[in-house]
Amino acid sequence: MVDFSTMALLAGVGVVAGFVDSIAGGGALLALPSLLLAGLDPVSALATNKLQGSFGTASATHTFWKKGLLKPSDHVAEIAMVFVGAALGVFAVAYVPTQVMRQIMPLLLVVVAVYFTLSPTLSVGGSIPKFPLAVFSFCLAPMLGFYDGVFGPGTGSFFMLALVSLFGLGVVEATGRTKLLNFTSNIAALLMFILGGKIVWSVGLCMAAGQLVGAQFGARVAIANGARVIRPLLVVVCCVMAVRLWWVS
């Protein structure tokens, strides 16, 4: 049983994680270790993290939608493909060599960080797309959903890289769509964990309250400041995730 003071600290972690996650992703870097330190076993920590993280991505998605920067009904195909991919990923966890992924993902995260550091094209208006968005909807979206169900770290960063560099979206629009698709993959994984009965609901809902607050604030900061705040935070989060994955691999 988690005591009141620990719950209060976890709620505070939820606020910070929600803020970071709504702008650049990577909130689980804070949330998951905190859940483990609070005494949850690894499977329960993963399941509870999906619960609290779903509230944060839902909150950020709602903010982008209310500000007129996101229309979920325009992205039904992407949502469906990410959901299916994430659900299949959860089922495939036992069969996928996650240790190999731990070794590859840091390199990819460094590539993302380098791209967003050096790219001169990041703007609200976007750039000329290299591929039609149908390629994203029916190829990359389910693949990234599957990755999030199987493993997870850096999913939001990979969504951002694809949407900005390959499909020409502006950085704010890409952030909003990334939140929507992250929410979708979180919900798919969450449903699987609910069926497994591994979620610690009291802890997850406590952190979720913090996530709602942090994600609302973070989404507003991202919308107001665009690339000026999204680019550096995304670079920092990618580098931190890469170091953490290298450290535990």
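Predicted model, so just to flag it, every value in this text is computed and none were measured.

1. Digging into the packing of aromatic side chains
For the structure shown, the criterion picks out seven aromatic pairs. Between Tyr-115 and Phe-116 the ring centres are 5.2 Å apart and the planes differ by 85 degrees, which places this aromatic pair in the edge-to-face class. Given the relative accessible area of 23%, Tyr-115 is considered partly exposed. Note on Phe-136 and Phe-167: the rings are 5.6 Å apart at their centroids and 70 degrees apart in plane angle, and the pair reads as edge-to-face.

2. Focus: the nonpolar core
Where a protein is soluble and globular, its nonpolar side chains tend to be buried together. The biggest cluster of nonpolar side chains holds 46 residues, and the ones touching the most others in it are Leu-109, Phe-116, Phe-136, Phe-151, Phe-158, Met-160 and Ile-230. Secondary-structure elements contributing two or more residues to this core are helix H1 (4–24), helix H3 (42–66), helix H5 (98–118), helix H6 (133–150), helix H7 (155–166), helix H8 (171–196), helix H9 (201–225) and helix H10 (227–248). The leading source of residues in this core is H10, at nine residues. With eleven residues, the next largest nonpolar core counts Val-2, Ala-31, Leu-35 and Cys-206 among its residues.

3. What to know about the pattern of salt bridges
Counting across every chain of the model gives three salt bridges. In this structure, the salt-bridge partner of Lys-50 is Asp-148, at a minimum N-O distance of 3.6 Å. Of the two residues, Lys-50 is situated in helix H3 and Asp-148 in helix H6; the sequence distance between them amounts to 98 residues. The shortest N-O distance in the salt bridge between Arg-177 and Glu-78 comes to 3.3 Å. Taken together, the residues span a long stretch of sequence, with Arg-177 in helix H8 and Glu-78 in helix H4 (residues 76–91) at a distance of 99 residues. Residue Arg-177 is classed as buried on the basis of its relative accessible area of 4%. A single salt-bridge network, built from bridges that share partners, covers Glu-78, Glu-173 and Arg-177.

4. Thoughts on the packing of H4 against H8
As a packed pair, H4 and H8 sit with axes 8 Å apart at the nearest point and diverge in direction by 40 degrees. It follows that H4 is oblique to H8 by the angle criterion. Judged by the twist between their axes, the crossing of H4 over H8 is right-handed. Across the interface between the two elements, Glu-78, Ile-79, Val-82, Phe-83, Ala-86, Ala-87, Val-90 and Phe-91 from H4 touch Arg-177, Leu-180, Leu-181, Thr-184, Ser-185, Ile-187, Ala-188, Ala-189, Leu-191 and Met-192 from H8. For the contact of H4 with H8, a count of residues per class yields 14 nonpolar, two polar and two charged.

Criteria and thresholds
Residues numbered from 1 in each chain as written. Predicted model: local features only at pLDDT ≥ 70, side-chain atom pairs only at ≥ 80, totals over all residues. Heavy atoms only, no water. Phe/Tyr/Trp six-rings, centres within 6.5 Å; stacked < 30°, edge-to-face > 60°. Buried < 20%, exposed > 50% of the residue type's maximum accessible area, 1.4 Å probe, protein only. Core = buried A, V, L, I, M, F, W, Y, C linked by side-chain atoms within 4.5 Å. Helix = DSSP H or I, 4+ residues; strand = E, 2+ residues; numbered from the N terminus. Salt bridge = Lys/Arg side-chain N within 4 Å of Asp/Glu carboxyl O. Axes fitted to C-alpha atoms, helices over the stretch in contact; angles between N-to-C directions. Parallel < 35°, antiparallel > 145°, perpendicular 65-115°, else oblique. Left-handed = near helix turned anticlockwise from the far one by under 90°. Contact = heavy atoms within 4.5 Å. Nonpolar A, V, L, I, M, F, W, Y, C, P; charged D, E, K, R; others polar.

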